[in-house]
Protein chains: 2
Amino acid sequence: MVKAYAAMSKGSKLELFEYEPEDLKPNQVSIKVESCGICHSDISAIDGSWGKSKYPMVAGHEVIGEIIGLGSDASLHKVGDRVGLGWHSGYCHNCEHCDAGDHNFCSATQKTVFSQHGGFAEQVTADEVSVIPIPNGVNHQDAGPLLCGGITVFTPMVEFNINKDHRVGIIGIGGLGHLAIKFYKALGCHVSAFTNSDDKNDLLSKLGADEIISSTDKSMIKPIGAKFDLIISTVNVELDWNLFLSIIRPRGRLHFVGAVLAPIETSVFSLMGGRKSISGSPVGSPVNIKKMLDFCSEHKISPMVEHFKFNEINDAISKLRNNKVRFRAVLTW
Amino acid sequence: MVKAYAAMSKGSKLELFEYEPEDLKPNQVSIKVESCGICHSDISAIDGSWGKSKYPMVAGHEVIGEIIGLGSDASLHKVGDRVGLGWHSGYCHNCEHCDAGDHNFCSATQKTVFSQHGGFAEQVTADEVSVIPIPNGVNHQDAGPLLCGGITVFTPMVEFNINKDHRVGIIGIGGLGHLAIKFYKALGCHVSAFTNSDDKNDLLSKLGADEIISSTDKSMIKPIGAKFDLIISTVNVELDWNLFLSIIRPRGRLHFVGAVLAPIETSVFSLMGGRKSISGSPVGSPVNIKKMLDFCSEHKISPMVEHFKFNEINDAISKLRNNKVRFRAVLTW
């Protein structure tokens, strides 16, 4: 039996829950969970906000652990390897996107929290391709949040060929945003943090933000002018998107990685003048997760986390719901 | 005195109007107008819809004509050359965008219809850089609409590196849309026309559209699936943009060149799944206008136009307002 923490109904507190693991499929591996980050998407899964949750819901998709079992065809890992598992726990391997290494565009992805029981558990299984080795240079105790929060903000760097000459803005400094600051600073970019939490200012400077700007103060934002090549929004609230478009350079983009449920409203004129774009992206492909972990190893980047024991999981979730975690909660057994 | 047709007040019928031409600035040239297309933006200028119009308003910015005067420093053209003039009649020549050949991103562009008297006239003046030679292979009698309508839909081809393997959709088949079909077909793309005018179907097939789909019939659009690399919207009405995003491939884009005044509403989820973009662009740079004219010469592309004499200008505008022109009206003296 696998020990796990599950929501038994929409939005409920998590309870100890045991389940019989299914047999490994040929391409799957089994991972002994050492730690697991808590992402806002886990809370959405617990709360059933996206209409996809089944209960008992075992969330958790920022897993670091050790390979303890291999399916009959699994050949990418060996028992004892330290690995990470993120949002996707499997791909079809039979579509043009999988063929091209863009597994995260596959229309038949399995999800660690929706397609199976997730990482708030002693053990989790996944398609070996979705499981990524953790390089030695990465601090594995804090690394969990890289597997979802990290790759989500790293992906735009790769997708849009961002380099040191680009000016980057990050809206919302939490689990995703604080990693975005670290990544884009490590790349050499000028990085501006847009946030409304004054109490984070000292932390933001330590993370490397070149400037800190209120995300709702038009009198501060408007005068900046069209300076940013890329602004990444990690928030799930409505902001004045036309205002942010006004500080984006020609050919620049406002990129959404935060799952805002409210519609995005923009004017065509805000886009047309400077051939600007609005876009969004989901987590990242296995190859880009590897790239990110190597980048973290090279630049000594770790998420800034607060550690909780798994039996404190409800306290951790409650603190996260109240926006009091700096910047990501990580659970360990 | 220059003879012109002007709106004397918001939305009024045009009247004969004479004005004293200003002296040519050193970098300007003077053009004898042979023909001028009528664009929807001219109607917006006449109607004062964008709040930028001054009266008497001489609109007209799809000019074909002959150089008849050169400013003291003008060296790019010679008297007698056949040239075209579009939306922009001048640039600052002193910003990073002008330096980079992206004059259309210059924040100090002059506009043929707003910064001066435009092309519904015997004569018009402009910065020599904004004036483009018409190659011999281009049918100059019909070419006016290329200078605004044409470059507007040609620009995305250059900006987004579109090639023959891309599938392109065009929403709205009028002055811009019919040229888009011709351009992207000439490039070798699969081109779908989204329109609501059944009476255009024969014409659209003649233009080269591979398929014709109602732009508002969800039951026709939804089943297409994520197939399009680029969809260009040339309309200025609200459509179900999330529906169009659903038929765009990963990394594809929904691109606006029609000046929709209503806000564009989209959901972040429509963008995130496939790293999709929404974008917009304005006309084009001088270098891209040259590229387009060469492309037209090579592929024997002409706008499909209805000719009117300048003294029929009010009839032409009225026909255009009633969406009865196939597909662009061109005025000649």
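All chains considered together, the criterion is met by 26 salt bridges over all chains. For A:Lys78, the salt bridge goes to A:Asp81, with nearest N and O atoms at 3.3 Å. Residue A:Lys78 is classed as exposed on the basis of its relative accessible area of 57%. Here A:Arg251 and B:Glu159 are joined by a salt bridge, their closest N and O atoms 2.7 Å apart. A residue pair is termed interchain when its members come from two chains, as with A:Arg251 in strand 14 (residues 248-256) and B:Glu159 in helix 3 (residues 149-159). Residues joined by salt bridges that share partners form a network here, namely A:Asp102, A:Glu159, B:Arg251 and B:Arg275.

It is worth spelling out the side chain of A:Ser215 at this point. Residue placement: A:Ser215 occurs in the loop between strand 12 (211-214) and helix 6 (218-221). If sequence neighbours within four positions are ignored, A:Ser215 has contacts with A:Ile171, A:Phe194, A:Thr195, A:Asn196, A:Ile221, A:Leu239 and A:Phe244.

Turning next to the relation of the copies chain A and chain B. Screw-axis analysis of chain A against chain B gives a translation of 0.0 Å along the axis, an RMSD of 0.0 Å, and a rotation angle of 180°. Such a combination of turn and shift is consistent with a two-fold rotation axis. Mapped onto chain B, 100% of the interface residues of chain A again fall at the interface, so both copies present the same surface.

This next bit is on the packing of aromatic side chains. Applying the stated criterion across every chain, the model contains 30 aromatic pairs over all chains. With 6.3 Å between their ring centres and 10° between their planes, B:Tyr5 and B:Phe310 make a pair best called stacked. Separated by 305 residues along the polypeptide, B:Tyr5 in strand 1 (residues 2-7) and B:Phe310 in the loop between strand 17 (305-309) and helix 10 (313-321) bring together distant segments of the chain. What makes B:Phe310 buried here is its relative accessible area of 1%. With 6.3 Å between their ring centres and 50° between their planes, B:Trp50 and B:Phe114 make a pair best called tilted. Of this pair, B:Trp50 sits in the loop between helix 1 (40-47) and strand 4 (63-70) while B:Phe114 sits in the loop between strand 7 (110-111) and strand 8 (123-127), placing them 64 residues apart in sequence. Members of the aromatic cluster, each reached through a chain of ring pairs, are A:Phe194, A:Phe228, A:Trp241, A:Phe244 and A:Phe256. The ring of A:Phe160 carries A:Arg253 above its face, with NZ or CZ at 3.9 Å from the centroid.

All names here are of chain A. Direction vectors running N to C along helix 4 (residues 175-187) and helix 9 (residues 286-299) enclose 70°, while the axes themselves pass 11 Å from each other. When the axis of helix 4 is compared with that of helix 9, the two are roughly perpendicular. Helix-helix and strand crossings are classified by hand; for helix 4 and helix 9 the assignment is left-handed. Contacts from Phe-183, Ala-186 and Leu-187 of helix 4 reach helix 9 at Met-292, Phe-295, Cys-296 and His-299.

Let us look at unusual backbone geometry. A:Tyr55 connects to A:Pro56 through a cis peptide bond whose omega is 0°. As for its placement among the helices and strands, A:Pro56 is situated in the loop between helix 1 (40-47) and strand 4 (63-70). With an omega of -10°, the peptide bond between A:Arg326 and A:Phe327 qualifies as cis. Mapped onto the elements, A:Phe327 comes out in the loop between helix 10 (313-321) and strand 18 (328-332). Its identity is not glycine, yet B:Arg275 carries a phi of approximately 45°, on the positive side. Relative to the helices and strands, B:Arg275 resides in the loop between helix 8 (268-272) and strand 16 (277-280).

Grouped together as the largest cluster of nonpolar side chains are 83 residues, with contacts concentrated most on B:Phe120, B:Leu146, B:Phe183 and B:Tyr184. Take this core: its biggest share by element is 6 residues, from helix 4 (residues 175-187) of chain B. Of the domains in this structure, domain 1 (2-148 + 284-332) and domain 2 (150-280) of chain B are the two that each give at least three residues to this core. Residues A:Val29, A:Trp87, A:Ala143 and A:Ile151 belong to the second largest nonpolar core, which totals 82 residues.

Turning to the packing of helix 3 of chain B against helix 4 of chain B, a few remarks are in order. Residues and elements named next belong to chain B. Contact pair helix 3 / helix 4: the axes reach a minimum separation of 8 Å and the direction vectors enclose 40°. For the element pair helix 3 / helix 4, the angle class is oblique. In the packing of helix 3 onto helix 4, the handedness of the crossing is right-handed. Between helix 3 and helix 4, the residues in contact are Gly-149, Gly-150, Thr-152, Val-153, Phe-154, Pro-156 and Met-157 and Leu-176, Leu-179, Ala-180, Phe-183, Tyr-184 and Leu-187, respectively. Of the residues in the contact of helix 3 with helix 4, the class split is 10 nonpolar, 3 polar and no charged.

This brings us to the confidence of the model for chain A. On average, chain A scores 96 in pLDDT, and the residues at 70 or more come to 100%. Predicted as a complex, the structure gets a pTM of 0.95 and an ipTM equal to 0.93.

We now examine the interface of chain A and chain B. Interfaces are often sized by the amount of accessible area the parts lose when they come together. If you look at the interface, chain A gives 36 residues, while chain B gives 36 residues. In total, chain A and chain B occlude about 3,100 Å² of area from one another, counting both sides; carbon and sulfur atoms represent 58% of this. On the chain A side of the interface with chain B, the three residues burying the most area are A:Val268, A:Met272 and A:Arg275, jointly 20% of the side's total. In this structure, B:Arg275 and A:Glu159 form a salt bridge, with 2.6 Å as the shortest nitrogen-oxygen distance. Applying the counting rule to chain A against chain B returns 15 residue pairs in polar contact (both at pLDDT 80 or more). Elements with a contribution of two residues or more to the side of chain A that touches chain B: helix 2 (96-99), strand 14, strand 15 (264-266), helix 8 (268-272) and strand 16 (277-280) of chain A. In terms of residues, the side of chain A that touches chain B owes the most to one element, strand 14 of chain A, which gives 5 residues. Across 3 bridges, strand 16 of chain A lies against strand 16 of chain B in antiparallel orientation.

What counts as what
Residues numbered from 1 in each chain as written. Chains lettered and ligands numbered in written order. Predicted model: local features only at pLDDT ≥ 70, side-chain atom pairs only at ≥ 80, totals over all residues. Heavy atoms only, no water. Salt bridge = Lys/Arg side-chain N within 4 Å of Asp/Glu carboxyl O. Buried < 20%, exposed > 50% of the residue type's maximum accessible area, 1.4 Å probe, protein only. Helix = DSSP H or I, 4+ residues; strand = E, 2+ residues; numbered from the N terminus. Contact = heavy atoms within 4.5 Å. Least-squares fit on C-alpha atoms with pLDDT ≥ 70 in both. Phe/Tyr/Trp six-rings, centres within 6.5 Å; stacked < 30°, edge-to-face > 60°. Lys NZ or Arg CZ within 6 Å of the ring centre and 35° of its normal. Axes fitted to C-alpha atoms, helices over the stretch in contact; angles between N-to-C directions. Parallel < 35°, antiparallel > 145°, perpendicular 65-115°, else oblique. Left-handed = near helix turned anticlockwise from the far one by under 90°. Core = buried A, V, L, I, M, F, W, Y, C linked by side-chain atoms within 4.5 Å. Domains from an automatic or database assignment. Nonpolar A, V, L, I, M, F, W, Y, C, P; charged D, E, K, R; others polar. pLDDT = per-residue confidence, 0-100. Buried area = accessible area lost by both parts, 1.4 Å probe. Polar contact = N/O pair within 3.5 Å; in protein donor to acceptor, adjacent residues only side chain to side chain. Pairing = 2+ DSSP bridges.

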